[in-house]
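# Coordinate analysis (summary)
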Amino acid sequence: MTSKTYQNSDGFFGHPKGLSTLFFTEMWERMSYYGMRALLVLFMTASLQKEGLAFTVAAATAIYGLYTGAVYFLGLPGGWIADRLIGGQRAIFYGGIIIMCGHIVLAIPNDGTFFIGLILVASGTGLLKPNISALVGHLYAPDDVRRDSGYALYYMGINIGSVLGYTVCGYFGEDIGWHWGFGAAAVGMALGLVQYRKTIHNLGDASQLPENPMAPERAKTAWRVIGALVLATALVTGLALADVFTINPVVVAQYVAVAFSLMFFVYYGFIYFGGGLTAAEKKKLWALFFVCLASACFWSGFEQAGSSLNLFGRDYTDRIIGSFQFPASWFQNANPLFIILLSPFFAALWVNLGKRMVSPSYSMKCAIGLIIMASGFIVMFFAAQYAASGLKVAPYWLVATYFLHTVGELCLSPVALSAISKLSPRRFAGQMMGVFVLTYSIGNIISGLLAGNFDPNNIEQLPNLYLQISLFSIGIGIVIALLSLKSKIWEQGGEATSPAPEGEAKTA
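Remember, predicted model here, so these are calculated numbers, not experimental data. (Residues numbered from 1 in each chain as written. Predicted model: local features only at pLDDT ≥ 70, side-chain atom pairs only at ≥ 80, totals over all residues. Heavy atoms only, no water.)

### Remarks on the overall build of the protein
- Secondary structure summary: the protein contains 16 helices and two strands in total.
- Taking 508 residues into account, the globule formula puts the C-alpha radius of gyration at 23 Å, and the protein, at 22 Å, falls close to it.
- Taken along the three principal axes of its C-alpha coordinates, the protein extends 60 × 50 × 45 Å.
- Residues classed as buried in the protein amount to 54% of the 508 residues present.
- In the structure as shown, the protein presents an accessible area of about 21500 Å², 68% of it carried by carbon and sulfur atoms. (Helix = DSSP H or I, 4+ residues; strand = E, 2+ residues; numbered from the N terminus. Rg over C-alpha atoms; globule rule 2.2 N^0.38 Å. Buried < 20%, exposed > 50% of the residue type's maximum accessible area, 1.4 Å probe, protein only. Areas by Shrake-Rupley, 256 points an atom, 1.4 Å probe, with all protein chains shown as cover.)

### Brief notes about the nonpolar core
- Residues M36, Y67, Y268, L288, F312, F454 and Y466 are the most contacted members of the largest nonpolar core, which totals 109 residues.
- Sequence-distant contacts of Y466, that is, excluding residues within four places in its chain, are made with S308, L309, F312, F377, M380, F381, A384 and F454. (Core = buried A, V, L, I, M, F, W, Y, C linked by side-chain atoms within 4.5 Å. Contact = heavy atoms within 4.5 Å.)

### Concerning the side chain of T317
- Summarising the element assignment, T317 is placed in the loop between α11 (308–316) and β1 (320–321).
- A polar atom in the side chain of T317 sits 3.1 Å from the backbone oxygen of F312.
- Setting aside chain neighbours within four positions, we find T317 in contact with F312, F331, K392, V393, A394, P395 and L398. (Polar contact = N/O pair within 3.5 Å; in protein donor to acceptor, adjacent residues only side chain to side chain.)

### Considering the environment of T21
- As for its position among the elements, T21 is in helix α1 (residues 17–45).
- Exposure remark for T21: the relative accessible area of 0% places this residue in the buried category.
- With 180 residues separating them in the primary sequence, T21 and H201 have C-alpha atoms 9.1 Å apart.
- In this structure, T21 is in contact with Q195, Y196, T199, N202 and L203, ignoring residues within four places of it in sequence.

### Examining the packing of helix α10 (residues 279–302) against helix α15 (residues 429–451)
- At a minimum axis separation of 7 Å, α10 and α15 run at an interaxial angle of 30°. Overall, the two elements α10 and α15 adopt an arrangement that is roughly parallel. Helix-helix and strand crossings are classified by hand; for α10 and α15 the assignment is right-handed. Along its contact with α10, which presents L285, L288, C292, S295, A296, W299 and S300, the element α15 presents M432, F436, T439, Y440, G443, I446, S447 and L450.
- For the contact of α10 with α15, the class distribution of residues is 10 nonpolar, five polar and no charged. (Axes fitted to C-alpha atoms, helices over the stretch in contact; angles between N-to-C directions. Parallel < 35°, antiparallel > 145°, perpendicular 65-115°, else oblique. Left-handed = near helix turned anticlockwise from the far one by under 90°. Nonpolar A, V, L, I, M, F, W, Y, C, P; charged D, E, K, R; others polar.)

### Digging into α11
- When you tally the buried positions in α11, you get seven out of nine residues, the bulk of the element.
- S308, L309, N310, L311, F312, G313 and Y316 are the residues of α11 that are buried.
- As for α11, its buried residues are in contact with α1, α2 (57–73), α13 (362–388), α14 (396–423), α15 and α16 (462–491).

### Observations concerning a nonpolar patch on the surface
- A cluster of nonpolar residues, L235, V236, L239, V244, F245 and I247, forms a patch on the protein surface that exposes about 500 Å² of accessible area.
- Tracing the sequence through the fold places F245 in the loop between α8 (216–241) and α9 (249–274).
- Residue F245 is classed as partly exposed on the basis of its relative accessible area, which comes to 32%. (Patch = residues over 30% accessible without salt bridge, like charges linked within 9 Å, V, L, I, M, F, W, Y side chains within 5 Å. Salt bridge = Lys/Arg side-chain N within 4 Å of Asp/Glu carboxyl O.)

### A few points about α2
- Across its 17 residues, α2 extends 24 Å between first and last C-alpha, which sits within 8% of the 24 Å expected from 1.5 Å per residue.
- Buried residues dominate α2, accounting for 14 of its 17 residues. (Expected span 1.5 Å × (residues − 1).)

### Focus on the packing of aromatic side chains
- One pass over the structure, following the stated rule, counts 44 aromatic pairs.
- Ring centres 5.9 Å apart and planes at 55° place the aromatic pair F43 and W178 in the tilted group. Note that F43 is positioned in helix α1 and W178 in helix α7 (residues 178–199), a separation of 135 residues in sequence.
- Look at F326 and W330: their rings are 6.4 Å apart centre to centre, the planes differ by 15°, and that puts the pair in the stacked class. (Phe/Tyr/Trp six-rings, centres within 6.5 Å; stacked < 30°, edge-to-face > 60°.)

### Concerning the environment of I459
- One can find I459 in the loop between α15 and α16.
- The class of I459 is buried, set by a relative accessible area of 14%.
- Note: C-alpha distance between I459 and S323 (136 residues apart in sequence) is 27 Å.
- Sequence-distant contacts of I459, defined by excluding residues within four places in its chain, comprise Y316, A387 and A388.

### Section: the side chain of Q304
- For Q304, the position within the fold is in the loop between α10 and α11.
- Here S308 takes part through its side chain, which lies 2.7 Å from a polar atom of the side chain of Q304.
- Those residues in contact with Q304 that lie beyond four places of it in its chain are L309, N310, F377, S447, L450, A451 and I469.

### Overview of the packing of α1 against α2
- Viewed as axis vectors pointing N to C, α1 and α2 meet at an angle of 160°, and their least axial separation amounts to 8 Å. Here α1 lies roughly antiparallel to α2, going by the angle between them. By crossing handedness, the relation of α1 to α2 is classed as right-handed. For the pair α1 and α2, contact is made by Y33, M36, R37, L40, V41, M44 and T45 and by V57, A60, T61, I63, Y64, Y67, T68 and V71, respectively.

This is the structure:
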């Protein structure tokens, strides 16, 4: 374990100066990530005449689901590389360089390099994202009371970056040219890297070295394995681009969803049956299982924002204000803006309920969040009926849906992260967080598969698609809510003392 010198200076709104470095780095990285992500499905489904890839909706949304699922999954090896090999500071910088290179590749008007760009962005994000979030905590001593407010400031930077990305990249991509939008994302990441390097001294020795370094010989072996995996990925990608074999993204997404689900159950079962847990710890794991189930179902619906809802905004929503038609991707600004406005309210809500001795279980809170998110698709059910009749629907239908999705997110996402820290056996806390991250990946991939049922040529089927997503999610939410009556007893089987990890409201 490396030694740390904690920062007590009031350099950024009363917080360590290093927080400003991470705030702006993350802001620009999120600008590039969300800006590019908002264009993905639109670009892939656009016709050749509109300089798109002319993919089917099923293929495009499956690729989108695989990409967003991979971003979360790759955070697991990304965190391991920082902890064991290079340290958090280097991981952030190298990850940012890989992300920027990926955006540059996407900005090249050559369809053959599209997948190379996606692989680079996903890999770089997996290296940067978990480590920059962890590094925020490393700026503070364990008993520093400023930690929670420091994370609140940090997440404000995430949402500001999201708004910048959706606005800037969305405008350049949809109104000027797709590759201009990807290029804007590259510029954003470049600005973040320049800012990071110029102010990296503010971080001091926080995560400058690996937290748990490997012995030199084992480190060499690890680098060889990493190199072999990179070469294997490059080889498979090259062969696919050379048409040596064909990859069906829908089939791949189905297999990956099954593989990630099996990984989740196997590892969860390994900890439950082979972890030497007490009876109270096993009961807590049962309670935590319901939280994980709610999380996977939630993200499978929530992540329709970048796929089917994005296409609905493009094809069936009236976007004209005066003589200006605003980009469809701008609708996604609703989520970060609502988060900024509503976060203080929800932070106070749970505190005030606690003062009144009203403390719903983690499972109940997550079930409520899932049901509220699902109600957004009831709104879309009615909007899709208007669209099926041949009308362009008003923008407020999508805005109302995003509002409900954001309320659901604020009910579920931070609560689920807190549940992981408090219900996980202390000695398995880090591994359980890794297992929980799999629910993000599973949800994102299933989201892409669900969105593949969006058929622009059969708009009359769209209301049923949204109704099915809504009813399924509400049904799961009701089941979890009923089970929470029992799981609350399991949650109270003992108090965990491990610190609560801070997480992004998105996941972003």
